[in-house]
Amino acid sequence: MHDIDDSVVPGSVYLVDVQEKSTVVHAGNDGAIVLSPTPSNNINDPLNWSRSRKLLHVTCIMIYTSTIGIGTVLYSILQPISNDTGIPLATLNAGTGYSELISTLLLLMFTIVAGWGALINQPLALTFGKRGIYLISVLGNTAMCLWTPYIKTKSQWIASKIIQGYLCTPVESLCEVSIADVFFAHERGTYIGMYALFLFGSNYFAPLIAGFIYDGQGWHWVMYWAAIINFGSLIVLFFLMEETNFVRNTSEATEAVQLSTKVGTEKDDNESTTSNPVSSGDLTGVPKTYLQRLALFGGRYASNKLLFTMTYRPVILLRFPVIFWAGFQYGTCLVWYNVLNATCSLILSEPPYNFRASFVGLSYLGPLIGMLIGTFYSGWVGDRFAVRYARRTNGIREPEHRLWLMVVSLLLCPASLILWGVGASKGISWALRSL
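None of the values given here were measured: they were computed from a predicted structure.

The rules we used
- Residues numbered from 1 in each chain as written.
- Predicted model: local features only at pLDDT ≥ 70, side-chain atom pairs only at ≥ 80, totals over all residues.
- Heavy atoms only, no water.
- Axes fitted to C-alpha atoms, helices over the stretch in contact; angles between N-to-C directions.
- Helix = DSSP H or I, 4+ residues; strand = E, 2+ residues; numbered from the N terminus.
- Parallel < 35°, antiparallel > 145°, perpendicular 65-115°, else oblique.
- Contact = heavy atoms within 4.5 Å.
- Phe/Tyr/Trp six-rings, centres within 6.5 Å; stacked < 30°, edge-to-face > 60°.
- Left-handed = near helix turned anticlockwise from the far one by under 90°.
- Nonpolar A, V, L, I, M, F, W, Y, C, P; charged D, E, K, R; others polar.
- pLDDT = per-residue confidence, 0-100.

Chemist: So what exactly am I meant to see when it comes to the packing of helix α1 (residues 51-70) against helix α9 (residues 175-182) here?
Modeler: Two packed helices can be described by the angle between their axes and the distance between those axes. The N-to-C vectors of α1 and α9 enclose an angle of 175°; their axes lie 10 Å apart at closest approach. As far as their axial angle goes, α9 and α1 are roughly antiparallel. Between α1 and α9, the contacting residues are K54, H57, V58, I61, M62, Y64 and T65 on the first element and C175, S178, I179 and V182 on the second.

See the structure below:
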């Protein structure tokens with residue numbers, strides 16, 4: 001175990017080589033961009049994967065994210081389900097709320113009953129491997145989708161959503177870590193934005209198609225199709241998704257301190273500037289075979305002591321105001337996102353709109369378009385903003401630099417919530433409310 005260095009600030013990254021150090025490994029598309037974390041010379045290091053292999057992995061993450069979202073396709077047909085089963089709409093809304101809340105670690109730290117699923121799944125994934133947790137999650141979601149059409153009572157409905165929420169916790173907390181495993185700091189924002197697009201986009205797209213399935217085949221087949229899609233994704237992920245856990249000797253924050261304080265040396269103009277900094281001839285180790293990559297859990301990456309520490313550490317981190325604020329901010333956004341899902345079918349199925357299920361689903365086109373714009377802004381634009389800002393701070397990128405981008409959200413979110421709530425009470429045009 002290494003002694004704790006109090007000078008290391010988590011989240012700090014030496015992103016731009018303003019001091020032109022010859023020992024710093026640079027990205028190929030921009031010689032000033034520092035590759036952080038510094039990749040090892042191990043051939044199995046995910047940071048050393050080829051570009052196509054990395055893109056295949058991120059595609060698998062998007063498939064997983066989308067199919068988990070499709071498993072919660074009920075928002076636009078809650079009223080028909082209530083009419084068919086006799087379960088009150090308030091209970092159906094509570095059930096979907098439990099499912100969403102349980103699957104969101106940061107939000108559920110403010111609840112007593114739920115939210116502890118990620119405190120179990122996340123440490124297990126970081127200790128034994130993420131691939132197995134992903135596959136179990138999709139398999140469990142498939143089973144829950146098959147169970148839903150046979151639910152007849154309120155207690156069964158709530159229980160199913162609590163279990164489904166626990167099984168789906170990786171979609172809210174593990175995907176971001178998987179992206180960080182294979183991409184460097186200067187490019188993660190783009191793929192995190194893409195992940196957010198599929199995470200929230202699937203939850204907006206699923207109710208859209210659910211309405212048409214209900215009109216044609218009934219609400220039971222909405223869940224059957226969700227189960228079919230989830231099982232199909234399980235097959236794809238089993239054969240294509242790889243394990244990305246890799247034990248490193250240093251952290252990004254430690255590298256930031258070392259590189260920012262190290263005396264600069266004369267830059268070597270002949271130094272390699274490829275995005276894969278270690279050539280294939282310099283890599284050591286034996287590459288895993290395809291059959292080895294198919295292992296459900298491929299190894300052990302942490303001790304039992306660290307496993308236990310990772311279980312309670314997120315709760316302790318709430319002592320830090322920045323962690324508490326970030327959790328509160330993210331949780332608040334999800335709360336209002338759930339308000340939209342919980343009230344959309346109720347409002348648009350009643351006068352003065354009287355929409356059938358398929359038209360209620362079409363109302364989600366507006367949020368989908370907004371998601372496309374928002375994720376591009378926060379992801380692709382955010383990456384370039386972070387690099388530009390780091391140039392002004394001696395090459396160090398701090399997490400809070402991206403907070404400037406939230407000014408737009410600060411203005412648009414309250415306005416949209418007022419438009420939705422007041423619009424419902426005043427019966428304004430559905431086209432205006434879709435904005």
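Chemist: I'm lost on the packing of aromatic side chains in this one. Help?
Modeler: Aromatic rings in a pair are described by how distant their centres are and how their planes are angled relative to each other. A complete count under the given rule lists 10 aromatic pairs for this structure. Taking 4.8 Å as the distance between ring centres and 70° as the angle between the ring planes, the aromatic pair formed by Y64 and Y134 counts as edge-to-face. Placement of the pair is Y64 in helix α1 and Y134 in helix α6 (residues 130-147), with a sequence separation of 70 residues. Here the aromatic rings of W221 and Y224 are separated by 5.2 Å at their centres, their planes lie at 80°, and the arrangement is edge-to-face. Of the two residues, W221 and Y224 are both situated in helix α11 (residues 219-240); the distance of 3 residues between them amounts to about one turn of the helix. Each member of the aromatic cluster is reached from another via a ring pair, and the members are W221, Y224 and W225.

Chemist: Got a minute to help me understand unusual backbone geometry in this structure?
Modeler: Glycine aside, residues mostly have negative phi angles, and peptide bonds mostly take the trans form. Put simply, S36 and P37 share a cis peptide bond, and its omega is 0°. Of note, P37 is situated in the loop between β1 (13-14) and α1. Unusually for a residue other than glycine, N354 sits at a positive phi of about 55°. Of note, N354 is situated in the loop between α15 (321-348) and α16 (357-362). Located in the positive-phi region is N394, a residue other than glycine, with phi close to 60°. Positionally, N394 belongs in the loop between α17 (365-391) and β2 (396-397).

Chemist: In this structure, what is going on with the packing of α6 against helix α7 (residues 154-167)? I would like to understand it.
Modeler: The contact between α6 and α7 brings their axes to 9 Å, and the two run at 165°. Between α6 and α7, the crossing angle belongs to the class labelled roughly antiparallel. Note that α6 runs across α7; the crossing there is left-handed. Where α6 approaches α7, its residues S137, G140, N141, M144, C145 and W147 are matched on the opposing element by Q156, S160, I163, Q164 and L167. Of the residues contributing to the contact of α6 with α7, the split by class is 5 nonpolar, 6 polar and no charged.

Chemist: Hey, could you run me through the confidence of the model for the protein in this one?
Modeler: Close inspection of predicted coordinates is inappropriate for parts of the model with low pLDDT. Per-residue confidence for the protein gives a mean pLDDT of 79, with 77% of residues at or over 70. In this model, residues 100-114 is a region of pLDDT below 50 whose contacts with residues beyond four sequence positions or in other chains number 41 contacts. In this model residues 263-277 is a low-confidence stretch, pLDDT under 50, and it forms 27 contacts with partners more than four residues away in sequence or in other chains.

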